[in-house]
Amino acid sequence: MERFHFRLIEKYLYNQRGIEMAVRDARAEQLSNQGLKNGGGGHAFVSNPTEQKALKLATPIKSVIVGEMVVRTPEKWLDVIESVYAAQNEERRRLLRQRYYKQNPNTIMLSIDFSMSRKTVYNICQSFVEAVFARASYEHLVNPYETKTKK
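Below you will find a few notes about this structure.

## Quick word on the overall build of the protein
Here is step 1: A count of helices and strands for the protein gives 7 helices and 2 strands.
Here is step 2: Sequence-ordered secondary structure for the protein, helices as α and strands as β, is α-α-α-β-β-α-α-α-α.
Here is step 3: Residue pairs at least 24 apart in sequence account for 65% of intrachain contacts in the protein once pairs closer than 6 positions are excluded.
Here is step 4: Here the protein has roughly 10100 Å² of accessible surface; of this, 52% comes from carbon and sulfur atoms.

Encoded structure:
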């Protein structure tokens with residue numbers, strides 16, 4: 001895995017909470033927009049609010065902005081990240097959430113808190129990032145052949 005990819009995946013991991021909040025806000029905004037009511041004289045134009053709400057919820061959010069980062073298909077990113085967390089054992093999951101979700105990148109403190117060597121903590125985090133990259137590549141969220149950022 002290229003260093004570029006490693007840093008990109010970590011960026012998504014460190015911003016997971018922000019992505020979740022942006023998706024929640026986008027959904028709330030999507031549902032609050034009533035849109036145009038089909039009016040008319042006949043019964044065929046009576047709107048169905050339940051159907052409209054279901055359609056809005058079924059439509060994927062195309063992108064959100066988190067800080068200065070544009071996240072395309074954010075719900076898919078969140079699914080990928082959560083599926084890789086779910087594949088970890090309990091102790092690793094707690095360690096990884098502490099590092100990425102709670103944004104505590106200090107491997108020394110994590111090694112003390114989890115009674116592991118610093119190298120072990122680093123290896124766990126590296127294999128996690130690689131697993132997220134593999135899953136994101138499979139879902140076409142990242143291009144594994146790309147070697148640098150686009151400008």
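The structure having been displayed, the exposition proceeds.
## Some words on the packing of aromatic side chains
Here is step 1: Per the stated rule, a full pass over the model turns up 4 aromatic pairs.
Here is step 2: Ring geometry for Y14 versus Y100: centroids 5.0 Å apart, planes at 55 degrees, classification tilted. Within this pair, whereas Y14 is found in helix α1 (residues 3-14), its partner Y100 is found in helix α5 (residues 90-101), the two being separated by 86 residues in sequence. In this pair, the class of Y14 matches that of Y100, namely buried.
Here is step 3: Their ring planes at 40 degrees and their centres at 4.8 Å tell us that Y85 and F128 sit as a pair that is tilted. One end of the pair, Y85, is in helix α4 (residues 74-86); the other, F128, is in helix α7 (residues 118-138), and 43 residues separate them in sequence.
Here is step 4: Classification of F128 by relative accessible area gives buried; the value is 0%.
Here is step 5: Joined through ring pairs, the aromatic side chains of Y14, Y85, Y100 and F128 make up one cluster.
Here is step 6: The ring of Y101 has R97 sitting right over it, with the charged end atom 6.0 Å from the ring centre.

## Some remarks on the nonpolar core
Here is step 1: With 35 residues, the main nonpolar core has I9 and Y100 as its most contacted residues.
Here is step 2: Mapped by element, the contributors of at least two residues to this core are α1, α2 (16-32), β1 (63-66), β2 (69-72), α4, α5 and α7.
Here is step 3: Sorting elements by how many residues they give to this core places α7 first, with 8 residues.
Here is step 4: Discounting chain neighbours no more than four positions away, the residues touching Y100 are E10, L13, Y14, Y85, C125, F128 and V129.

## Quick word on α4
Residues that lie three or four places apart on an α-helix share one face, since the helix turns once every 3.6 residues.
Here is step 1: Here α4 contains 13 residues, and its C-alpha end-to-end distance of 18 Å stays within 8% of the 18 Å for a straight helix at 1.5 Å per residue.
Here is step 2: The complete set of buried residues in α4 reads P74, W77, L78, V80, I81, V84 and Y85. Taken around the axis of α4, the buried residues stretch over an arc of 160 degrees, which confines them to a single face. Relative to its buried face, α4 has exposed residues pointing more than 90 degrees away, namely D79 and A86.
Here is step 3: Residues of α4 that are buried sit in contact with α1, α2, β1, β2, α5 and α7.

Rules of the game
- What you see as residue numbers is a count from 1 along each chain, following the sequence as written.
- In view of the model being predicted, local features appear only for residues whose pLDDT reaches at least 70, and side-chain atom pairs are presented and counted only at 80 or more, with totals across whole chains, interfaces and linings using the full set of residues.
- To get the side-chain values, take all heavy atoms of the structure and skip hydrogens and water.
- Helix numbering and strand numbering both begin at the N terminus, where a helix is a DSSP run of H or I of at least 4 residues and a strand a DSSP run of E of at least 2.
- Two residues form a contact once any of their heavy atoms are found within 4.5 Å.
- Each accessible area value is a Shrake-Rupley result obtained with a 1.4 Å probe; residue values ignore everything except the protein chains displayed when judging cover.
- Classification of ring pairs uses Phe, Tyr and Trp, with its six-membered ring standing for Trp, and accepts pairs whose centres are within 6.5 Å; under 30 degrees between planes counts as stacked, over 60 as edge-to-face, and the remaining range as tilted.
- Here's how the labels work: a residue is buried when its accessible area is under 20% of the maximum for its type, exposed when over 50%, partly exposed in between, all with a 1.4 Å probe on protein chains only.
- Put simply, a charge is over a ring when the Lys NZ or the Arg CZ is close to the ring centre, within 6 Å, and near the line of the ring normal, within 35 degrees.
- What is meant by a nonpolar core is a set of buried Ala, Val, Leu, Ile, Met, Phe, Trp, Tyr and Cys residues, joined one to another through side-chain atoms within 4.5 Å.
- Given a helix with a known number of residues, its expected span is that number minus one, times 1.5 Å.
- To obtain the arc, one takes the directions from the helix axis to the C-beta atoms.

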